Amino acid sequence: MMHFLNWFRQTLVITRFSILTIPQRLGASVTAIFGIAGVVAVMIGVLSIAQGFRKTMMTAGDPDTVIVMRSGADSELTSILSKEETRIVADAPGILRVNGQPAASAELFVSVDLPKRSTGTDANVPIRGVGPAAFRIRQAVKIRVGRRFIPGRNEVIVGCASEGEFAGLGLGEQLNVNGDKWTIVGIFSSEGGLSESEIWTDTVSLQAAYQRQTSFQSVFVKLQSPESYQIFKNALTSDPRLNVKIVRETDYYAEQSRMLTNLITKLGSIVAVLMGIGAVFGALNTMYSAVSSRTREIATLRALGFGASPVIVSVLLESLVLALVGGAIGGGVAYYLFDGYRAATINWQTFSQVAFAFAVTPELLVQGAIYAIVIGFFGGLFPAIRSSRMQIAAALREL
Amino acid sequence: MSAAENGREVLVRVKGVGKVYRRGSEDIHVLRDLDLEVRAGDFLALMGPSGSGKSTLLNLLGGLDRPTEGILTVGGDSIADLTPRELAAWRARHIGFVFQLYNLLPTLTAIANVELPLLLTPLSKSERRSHSEAALKMVGLGHRLKHYPRQLSGGEQQRVGIARAIVADPTILLCDEPTGDLDRKSGDEILSLLQELNRAQGKTIIMVTHDPHASHRAGRTIYLNKGQISDTMPE
């Protein structure tokens, strides 16, 4: 215990001395801090895209909501269901019923070309035809301005993310749907979920506009409880009239987000690693100069009887302090610049745009801090080892 | 052996010590077959031209380096047998260094600089403070406790260096050109201080110097020439 206290006191003295002399090496220290801050800001910035996209997709999901599609379909876009099939699905056990009506919405999913506000280039914006039960199934959907569409009157409501991202989607404006003018009668939100990137209307009108007769692509179903899933699934998979795939909404959107979030996460990690290597060299340079600028002082302490390991720890601590300051600045900059920044990208499963906000989450800030610590550790390690191996007698005479 | 030396224990024993540095494929013999004894209470001046090996000998005596051959004991401890960690602890306990360029930590006040060796002891904070204050008073700097090195003259900085060297009551003071960076007046004051520490407190002092004037203040002078002890000052 006494030995440890002694060691701790030595480390404290040398570290205090190191930290207090940082102003004498301000240029190199600031360079290292901002090098690390840049790396952390870029890393968090890139990963906040993936986080934001994932958050938007996951917010869309509800564990007691289930999507039924044609067996083998990866997304609604590649699925097709007949009217008869949607009726059989709606009659299955396990579905929530309100006033005797099943909470099931047979839906159609198509897209229209609209210009992006930011670039003016056209992009696919999804239009979803929904049944009367759709609002009961997606309870997060709330009309913010205007009202709901009235079926059969060629009216649509627009998700607030789409309204912000694309031109011509304001309340009262006319939307060109396969050659016809449809009126925008409402703007809705869904707690930041995927639906906010969609335009909604009634399925029957949309079928007519796109000559889809009575075909659908999916049925959204609200279960009595998440536990009803197995009963519902068993009923459908054992019915010889059906050839369908049943997935929970949460799993469906998680799968849809996986490809893009994985891609962004991998790209972000590669960028962060490459930049991190550069930052390590920056930190190395700073710490080598930090050690060399106080060679005589370190040698003096060693001559007085201070051990080598407190010197190693103090150099490492100084490097970590610089790295953490850099990490904090980088995290702050990333939060200020990226958190909530709105963008739209293509959902490769549906080939339609998803509007989302970059999300600088606490987890990302922690990741950034950890990465800064890793950079600081490797940046300080070799200078620390070198400082502990110095020839004390020669170093005492250095100017 | 003089009468004064009788009864005083041999503190430093150097027997057949050599030190060889390797530069590329060449061996450089800095010290050769050196014999020396220093008794407790001696004030010894080591003189010699540059490259004669006097600083190397001082480094060996202070446990900053190890001899290539021979036996070197200080207070009965054989330097060569100690591990690096033991050697650091040994230095803290037995050696007080006084450097030519004072080697004070610029970010610490005079009293905090003096306190440094005491951080390696079990003394409490208040004990460390009172010891440090006493050491600074002893070197005549009781009024400069909170001054930083940059606020002190060269002579005052060297006094702080001496206070730091004596604060933990080491066995030996090793002074490497203690007046080498000072003007004559300040140098004289430092030499008087060292003399007083030797006479009044019985401190054993080994001082490397180029200055004959400084060596005259020591009780005994030995000369080094090409790594060996010489009876007279080499030309």
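Keep in mind that this is a model prediction, so the values were computed, not measured.

The rules behind each value
- By convention here, each chain's residues receive numbers from 1 onward along its written sequence.
- Working convention: letters from A go to chains and numbers from 1 go to ligands, in the order in which they are written.
- A pLDDT threshold of at least 70 governs which residues receive local features in this predicted model, and a stricter bar of 80 or more applies before side-chain atom pairs are shown or counted, although totals over entire chains, interfaces and linings include all residues.
- Each side-chain value is worked out from all heavy atoms of the structure, with water and hydrogens disregarded.
- Each helix is a run of DSSP H or I of at least 4 residues and each strand a run of E of at least 2, with the numbering of both proceeding from the N terminus.
- Whether two residues are in contact is decided by their heavy atoms, any of which lying within 4.5 Å being enough.
- Each accessible area value is a Shrake-Rupley result obtained with a 1.4 Å probe; residue values ignore everything except the protein chains displayed when judging cover.
- Type-normalised accessible area, obtained with a 1.4 Å probe on protein chains alone, sets the label of each residue: buried when under 20%, exposed when over 50%, and partly exposed for intermediate values.
- A pair of strands is treated as paired once DSSP finds two or more bridges between them.
- For helices, the fitted line uses only the C-alpha atoms of the stretch in contact; every axis is such a line through C-alpha atoms, and the angle between N-to-C directions lies from 0 to 180 degrees.
- In this description, buried area is defined as the sum, over both parts, of the accessible area (probe of 1.4 Å) that is lost when the two are combined.
- Pairing of N or O atoms within 3.5 Å defines a polar contact, subject to two protein rules: one partner must be a possible hydrogen donor and the other a possible acceptor, and residues neighboring in sequence count only if both atoms are side-chain atoms.
- Three categories are distinguished: nonpolar for Ala, Val, Leu, Ile, Met, Phe, Trp, Tyr, Cys and Pro, charged for Asp, Glu, Lys and Arg, and polar for the others, with Gly belonging to the last.
- Grouping buried Ala, Val, Leu, Ile, Met, Phe, Trp, Tyr and Cys residues that are joined through side-chain atoms within 4.5 Å yields what is termed a nonpolar core.
- Basic side-chain nitrogens of Lys or Arg form a salt bridge, by our definition, when they fall within 4 Å of a carboxyl oxygen of Asp or Glu.
- An angle below 35 degrees is treated as roughly parallel, one above 145 as roughly antiparallel, one from 65 to 115 as roughly perpendicular, and anything else as oblique.
- Two helices cross in a left-handed way if the nearer one is turned anticlockwise from the farther one by less than a right angle. They cross in a right-handed way if the turn is clockwise.

S.K.: Help me get a handle on the overall build of chain B, residues and values and all.
M.R.: Looking only at helices and strands, chain B has seven helices and 10 strands in total. Long-range contacts, defined as pairs at least 24 residues apart, comprise 71% of the intrachain contacts of chain B with a sequence gap of at least 6. Summing over all exposed atoms, chain B offers an accessible surface of approximately 10400 Å²; the carbon and sulfur share of this is 47%.

S.K.: Any details on the overall build of chain A? Residues and values, ideally.
M.R.: The helix and strand inventory of chain A stands at 12 helices and 14 strands. For chain A, the residues scored as buried account for 53% of the 399 residues in total. Across chain A, the fraction of contacts at a sequence separation of at least 24, relative to all contacts at a separation of at least 6, is 78%. Surface summary for chain A: the accessible area is close to 17400 Å², and the carbon and sulfur share equals 61%.

S.K.: Break down the sheet that holds strand 9 (residues 220–225) of chain B for me, with residues and values.
M.R.: Residues and elements named next belong to chain B. Pairing is mixed across the open sheet formed by six strands, whose spatial order is 6-7-8-3-9-10. Pairing within the sheet leaves two strands with one partner each, and these edge strands are strand 6 (95–98) and strand 10 (228–230). Averaged over neighbouring strand pairs, the angle between their axes works out to 25° when direction is ignored. One ladder, built from four bridges, connects strand 3 (residues 43–47) with strand 9; its direction is parallel. Each residue of the ladder has a partner; that of Ala 45, found in strand 9, is Thr 221.

S.K.: Just give me the short version of unusual backbone geometry, but keep the residues and values in it.
M.R.: Most peptide bonds take the trans configuration, and most residues that are not glycine carry a negative phi. Residues and elements named next belong to chain B. Phi is positive for Asp 33, which is not a glycine, with a value near 40°. Position of Asp 33 relative to the elements: it lies in strand 2 (residues 26–39). Even without being glycine, Glu 177 reaches a positive phi, approximately 50°. If you trace the backbone, Glu 177 turns up in the loop between strand 7 (172–176) and helix 6 (184–201).

S.K.: Can you tell me about the interface of chain B and chain A, naming the residues and giving the values?
M.R.: Opposite the 28 residues of chain B that make contact, chain A presents 25 residues. Around 2300 Å² of area is buried between chain B and chain A when both sides are counted, 61% of it from carbon and sulfur atoms. Our enumeration of links across chain B and chain A arrives at eight residue pairs in polar contact (both at pLDDT 80 or more). Those elements that provide at least two residues to the side of chain B that touches chain A are helix 1 (54–61) and helix 2 (84–94) of chain B. Counting residues per element, the side of chain B that touches chain A draws most heavily on helix 2 of chain B, at four residues. A per-class count over the side of chain B that touches chain A returns 17 nonpolar, six polar and five charged.

S.K.: With reference to specific residues and values, describe the nonpolar core.
M.R.: Ranked by internal contacts, the top residues of the largest apolar core, which has 62 residues, are A:Phe306, B:Val12, B:Leu116 and B:Ile206. When residues in this core are grouped by element, the largest group, five residues, is from helix 9 (residues 295–304) of chain A. Look past the residues within four positions of B:Val12 in its chain and what remains in contact with it is B:Leu36, B:Glu37, B:Val38, B:Leu61, B:Thr73, B:Val74, B:Ile172 and B:Ile206.

S.K.: Hey, could you go over the sheet that holds strand 5 (residues 77–78) of chain B for me, with residue numbers and the actual values?
M.R.: Residue and element names in this part refer to chain B. In space, the four strands of this open sheet follow the order 2-1-4-5, with antiparallel pairing throughout. Only two strands of the sheet have a single neighbouring strand rather than two, namely strand 2 and strand 5. Taken together, the two bridges between strand 4 (residues 69–74) and strand 5 define a ladder with antiparallel strand orientation. Along strand 5, the bridge assignment pairs Thr 73 with Ser 78.

S.K.: Please set out the pattern of salt bridges residue by residue, giving values where relevant.
M.R.: Residue and element names in this part refer to chain A. Taken as a whole, this structure holds 22 salt bridges over all chains when the rule is applied. In this structure, the salt-bridge partner of Arg 128 is Glu 198, at a minimum N-O distance of 3.0 Å. On the criterion of sequence distance, the pair formed by Arg 128 in strand 5 (residues 122–130) and Glu 198 in the loop between strand 9 (180–189) and strand 10 (199–202) is long-range, its members being 70 residues apart. Look at Arg 128 and you get buried, because its relative accessible area is 1%. Glu 155 is the partner of Arg 153 in a salt bridge, and the nearest nitrogen-oxygen pair spans 3.5 Å. Look at Glu 155 and you get buried, because its relative accessible area is 5%. Counted as one network, the salt bridges with shared partners bring together Glu 76, Glu 107, Arg 128, Arg 138 and Glu 198.

S.K.: Please provide a residue-by-residue account of the side chain of A:Glu318, values included.
M.R.: Locating A:Glu318 in the fold gives a position in helix 10 (residues 308–338). Classification of A:Glu318 by relative accessible area gives buried; the value is 0%.

S.K.: Could you give an account of the environment of A:Leu77, naming the residues involved and the relevant values?
M.R.: Residue and element names in this part refer to chain A. Position of Leu 77 among the secondary structure elements: in the loop between strand 1 (65–70) and helix 3 (83–90). Leu 77 sits in the partly exposed class, given a relative accessible area of 34%. Each C-alpha atom of the pair Leu 77 and Ser 218 lies 9.2 Å from the other, and the pair is 141 residues apart in sequence.

S.K.: So what's going on with the pairing of strand 4 of chain B? Which residues, and what values?
M.R.: Residues and elements named next belong to chain B. Pairing between strand 1 (residues 10–23) and strand 4: five bridges, direction antiparallel. Across the sheet, residue Lys 15 finds its bridge partner in strand 4, namely Ile 71. Between the end of strand 4 and the start of strand 5, which pair antiparallel, lie two residues, with Gly 75 showing a positive phi angle near 60°.

S.K.: Account for helix 1 of chain B, naming residues and giving values.
M.R.: Three- or four-residue spacings in an α-helix give side chains the same orientation, since the helix completes a turn every 3.6 residues. All names here are of chain B. Counting buried positions over the eight residues of helix 1 gives seven, a clear majority of the element. Every buried residue of helix 1 is listed here: Lys 54, Thr 56, Leu 57, Leu 58, Asn 59, Leu 60 and Leu 61. One or two steps after helix 1, the chain reaches Gly 63, where phi turns positive at roughly 70°.

S.K.: Residue-level account of the packing of helix 8 (residues 249–293) of chain A against helix 10 of chain A, with values.
M.R.: Residue and element names in this part refer to chain A. As a packed pair, helix 8 and helix 10 sit with axes 11 Å apart at the nearest point and diverge in direction by 135°. When the interaxial angle is binned, helix 8 and helix 10 end up oblique. Between helix 8 and helix 10 lies a crossing of right-handed hand. Contacts between helix 8 and helix 10 involve Thr 286, Met 287, Ala 290 and Val 291 on the former and, on the latter, Val 315, Glu 318, Ser 319 and Leu 322. Its residues assigned to classes, the contact of helix 8 with helix 10 comprises five nonpolar, two polar and one charged.

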